[in-house]
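What follows is the residue order along each chain.
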Amino acid sequence: MEKLLTVLIPVFNNTSVSVSIESVLKYKTSRVELIVIDGGSTDKTMSRINRYADFIDELISEKDKGMYDALNKGIARARGKWVFCLAADDILKCDLEKIILKYGQTGADLMCGNMIVKYTENKFWKDFSKHDLSLLDYRCTLRHPATLFRKEAYEKYGPYDGNYICAGDRELFLRFRNKGAKFTFIPEYIVLFALGGLSGTDPIKGNFKEDKEISDRYGMSKIRSRFVFYYRIADYVKTKVAKKTNLSKPVNKLLYILRLKKRPHYLTKLQVEKIFDEQERRLV
């Protein structure tokens, strides 16, 4: 039977991948294939993955150059018309087959959705893909963990640039945009996203630096790209210092009073479950 969707899960030394796999199996049908790409894990990750061997369509386990290299290996083997990339920390929370059938008939190369971010066990927030594609000139404003890609789009506009470790998704979005790919935005929440990962470990040397290089590569003036780079560093350092000195709450409270910062709107676990449950009923 022809495959409608391929779900790719890249992983390296992350035993929580079992939760991600189970979230895909909840919605897996004969038209959905699952490919897991392990980068040569040295812990118990492979033993966790092997528990689901009967349900995984293809398992690749070998050293790679990072997440984007792993995704490219999966894309090359994907048989689905659409491709979805799920991080080993994230949880799929909707039936992507229904998403494709409802929104995938527009001729779009990408379908950009939204996600719920898990901050703590009982603190979550909504995170949206920004419709204004010009904002990609400054930073990644589309949510890669909540985006579906038409397989033909990778073939037409190229796969991920394996030279990047953290910001390869922004480079891909910029390249697709500049080459005329068709973006469409959908109102659904696709994943429960776990904070952390490579981009959160050391964002200055990782995500921020790569973003600056990508901005230079795609024509942003060096003055502007460096301003954005150093502004992000200053904001990151300010946040870290405030947390260590216990100044976060009083400083934020003052900023809220002066209306210089928006008060965050956190969701509870119960509210998040309600959002996904209502969405699932609506997609029937």
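From a predicted model like this one, the values you see are computed outputs, not experimental measurements.

About the criteria used
- Residues numbered from 1 in each chain as written.
- Predicted model: local features only at pLDDT ≥ 70, side-chain atom pairs only at ≥ 80, totals over all residues.
- Heavy atoms only, no water.
- Patch = residues over 30% accessible without salt bridge, like charges linked within 9 Å, V, L, I, M, F, W, Y side chains within 5 Å.
- Areas by Shrake-Rupley, 256 points an atom, 1.4 Å probe, with all protein chains shown as cover.
- Salt bridge = Lys/Arg side-chain N within 4 Å of Asp/Glu carboxyl O.
- Lys, Arg positive; Asp, Glu negative; His and termini not counted.
- Charge placed at Lys NZ, Arg CZ, Asp CG, Glu CD.
- Helix = DSSP H or I, 4+ residues; strand = E, 2+ residues; numbered from the N terminus.
- Buried < 20%, exposed > 50% of the residue type's maximum accessible area, 1.4 Å probe, protein only.
- Contact = heavy atoms within 4.5 Å.
- Core = buried A, V, L, I, M, F, W, Y, C linked by side-chain atoms within 4.5 Å.
- Arc of directions from axis to C-beta.
- Polar contact = N/O pair within 3.5 Å; in protein donor to acceptor, adjacent residues only side chain to side chain.
- 1 Å grid on protein atoms, 1.4 Å probe; cavity = no way out; pocket = protein on both sides within 12 Å on 5 of 7 lines; lining within 4 Å.
- Points joined across faces, edges and corners; volume = space filled by probe spheres on them.
- Pairing = 2+ DSSP bridges.

> For this particular structure, what's the right way to read a negative patch on the surface?
Together, E273, D277, E278 and E280 make up a negatively charged patch on the protein surface. Here E280 is to be found in helix α11 (residues 269-282). Looking at E280, the relative accessible area reads 36%, which means it is partly exposed.

> Looking at this model, I keep getting lost on the environment of L135. Mind explaining?
Here L135 is to be found in the loop between β7 (123-127) and β8 (147-150). L135 gets classed as partly exposed once you look at its relative accessible area, which sits at 33%. A sequence separation of 39 residues divides L135 from L174, and the C-alpha atoms of the two residues are 10.0 Å apart. Contacts of L135, omitting those with residues within four sequence positions, involve K130 and T141.

> Help me understand the nonpolar core in this model?
One broad rule of soluble globular proteins: the nonpolar side chains tend to lie buried together. Core analysis: the biggest nonpolar cluster contains 36 residues, and I9, F84 and I190 have the highest contact counts within it. Of all the secondary structure elements, the ones that give two or more residues to this core are β1 (5-11), α1 (17-25), β2 (32-38), α2 (45-50), β4 (82-85), α4 (96-103), β6 (110-120) and β9 (183-194). Membership of the second largest hydrophobic core comes to 29 residues, among which are I60, F149, Y157 and A167.

> Whenever I open this one, α4 confuses me. Can you help?
Think of an α-helix as turning once every 3.6 residues; residues three or four places apart then point the same way. Listed in full, the buried residues belonging to α4 are L96, E97, I99, I100 and Y103. Along the axis of α4, the buried positions cluster into a sector of 160°, meaning they face one direction only. The distance from a side-chain oxygen at the start of α4 to the backbone nitrogen of E97 is 3.1 Å, and the residue carrying that oxygen is D95.

> Sorry if this is basic, but what is going on with the layout of surface pockets here?
Where empty space is left in the structure can be found by rolling a water-sized probe over the atoms. Volume-wise, the second largest pocket comes out at about 380 Å³. Taken together, 21 residues make up the lining of the second largest pocket; nearest its centre are I91, K93, L192, E273 and F276. Put simply, the parts of the chain that give the lining of the second largest pocket at least two residues each are α1, β5 (91-92), β9 and α11. With six residues, α11 is the largest single contributor of residues to the lining of the second largest pocket.

> When you look at the pattern of salt bridges in this model, what are you seeing that I'm missing?
Here the idea is simple: oppositely charged side chains can pair when their charged atoms come close. Tallied over the full model, the rule gives 15 salt bridges. Note that R77 is salt-bridged to E58, the shortest N-O span being 3.1 Å. With R77 in helix α3 (residues 67-77) and E58 in strand β3 (residues 58-61), this pair connects stretches of sequence that are 19 residues apart. Between R170 and D211 there is a salt bridge, and its shortest N-O distance comes to 3.1 Å. Of this pair, R170 sits in helix α6 (residues 168-178) while D211 is found in helix α8 (residues 204-217), placing the two residues 41 residues apart along the sequence. D211 matches R170 in its accessibility class, with the two residues each being buried. Here the salt bridges do not stand alone but share partners, grouping D161, E171, R175 and R217 into one network.

> Teacher, can you tell me more about the side chain of S129 here?
The topology assignment puts S129 in the loop between β7 and β8. Only 3.0 Å separates the side chain of S129 from the backbone nitrogen of R143, close enough to count as a polar contact. Discounting chain neighbours no more than four positions away, the residues touching S129 are C112, G113, N114, T141, L142, R143 and F185.

> I'm lost on the pairing of β6 in this one. Help?
Regular strands place their side chains on alternate faces of the sheet. For β6, the tally of buried residues reaches eight of 11 residues, placing the bulk of the element in the interior. Here β6 pairs with β8 via three bridges, running antiparallel. When the bridges of β8 are listed, L110 appears paired with F149. One ladder, built from eight bridges, connects β6 with β9; its direction is parallel. Paired with L110 across the strands is F183, a residue of β9. Hairpin geometry of β6 and β7 is characterised by an intervening segment of two residues between the two adjacent antiparallel strands.

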